[in-house]
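Single-letter residue listing:
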Amino acid sequence: MHSFGYRLNALFTFAVTILGFICAIASFTDTLNSPSPSVQVQVLNVNWFQKQPNGNDEVYLTLNISADLQTLFTWNTKQVFAFLAAEYETPKHPLNQISLWDAIIPTKEHAKFTIHTSNKYRFVDQGSNLRGKEFNLTLHWHVMPKTGKMFADKLVLPGYRLPAQYR
Amino acid sequence: MDWEGQKLAEQLMQILLLAFAVIAFGAGYITASFQTMILIYAGGVILTTLVTIPNWPFFNHHPLKWLDPSEAEKHPKPEPSSNVAAKKKSIKK
């Protein structure tokens, strides 16, 4: 039998198989991209640094974030999710991560930005360890492709210190 | 669609789809536009559908040559022998 339906079925199957292949190759081309993003974060002000009634330290910061994530974008990139986390060490836990700010970057044109903001999410420690604490600000990002594998990486900015006294 | 036409349709489908896939990928990669790739490939699939799915006249250039009816009459079909039914019954017993 070589009917209309048979030919349509064969064409559809073959077309979708090839589409799968070209999407896989498109995803593979992402691995050839070697991005060189840059980030600078300034802590402009510690607006508020208190111990909550339940004993946890809370900080409220004003930040100036400038970043150039344009090299993360390839032809197969749908969007980039980026978030800035404060990372520090306490006697109880070797790594504490607190997300302070995040953003979804929809296009390459929006990937170079400078933003002046206070922390979007509350910077609260589990305990009272933040006085005089040295911490890193780390920009994490997840590159979401149109097809294929998702990439994630980060850039660590060390050398920030919280004040020794509550204010 | 005759035998040669079927072969031609099959080969045309495969070659056209592969060619459009290569063109679409190349164009999409060069212009850095995923959308371009998908649009070119979709166009290619539609064109291939139009070329290879309907029964176009050029798929029928090699019609099968059936025997003339008078030729067939000279070689009659062998008649089913009348003892077949009887044999089957005997096996059942």
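Per an unreviewed UniProt entry, chain B goes by Signal peptidase complex subunit 1 and derives from Medicago truncatula. Per UniProt, chain B carries the Sequence similarities (unreviewed entry) text "Belongs to the SPCS1 family."

Chain A has the name Signal peptidase complex subunit 3 in an unreviewed UniProt entry, where Medicago truncatula is given as its organism. In its Subcellular location (unreviewed entry) section, UniProt records this for chain A: "Endoplasmic reticulum membrane". Per UniProt, the comment on chain A under Sequence similarities (unreviewed entry) is "Belongs to the SPCS3 family."

Contacts between the two partners involve 22 residues from chain B, matched on the other side by 17 residues from chain A. Contributing elements (two or more residues each) for the side of chain B that touches chain A: α1 (3-31) and α2 (34-52) of chain B. If one sorts the elements of the side of chain B that touches chain A by residue count, α1(B) sits on top with 11 residues. Of the residues that constitute the side of chain B that touches chain A, the class distribution is 15 nonpolar, 7 polar and no charged.

Every other side chain in a regular strand lies on the same face of the sheet, so the side chains alternate between the two faces. Residues and elements named next belong to chain A. Where strand β1 (residues 38-51) lies against strand β2 (residues 57-68), 12 bridges are found, and the strand directions are antiparallel. Note on β2: the bridge partner recorded for Q50 is E58. The turn joining β1 and β2, which pair antiparallel and follow one another in sequence, is formed by 5 residues; a positive phi near 95° is taken by G55. Pairing of β2 with strand β6 (residues 123-124) involves 2 bridges; the strand directions are antiparallel. Each bridged residue has a counterpart across the sheet, and for E58 the counterpart in β6 is V124.

The rules behind these values
Residues numbered from 1 in each chain as written. Chains lettered and ligands numbered in written order. Predicted model: local features only at pLDDT ≥ 70, side-chain atom pairs only at ≥ 80, totals over all residues. UniProt positions renumbered as here; feature names shortened; annotations may be inferred. Contact = placed C-beta atoms within 7 Å. Helix = DSSP H or I, 4+ residues; strand = E, 2+ residues; numbered from the N terminus. Nonpolar A, V, L, I, M, F, W, Y, C, P; charged D, E, K, R; others polar. Pairing = 2+ DSSP bridges.

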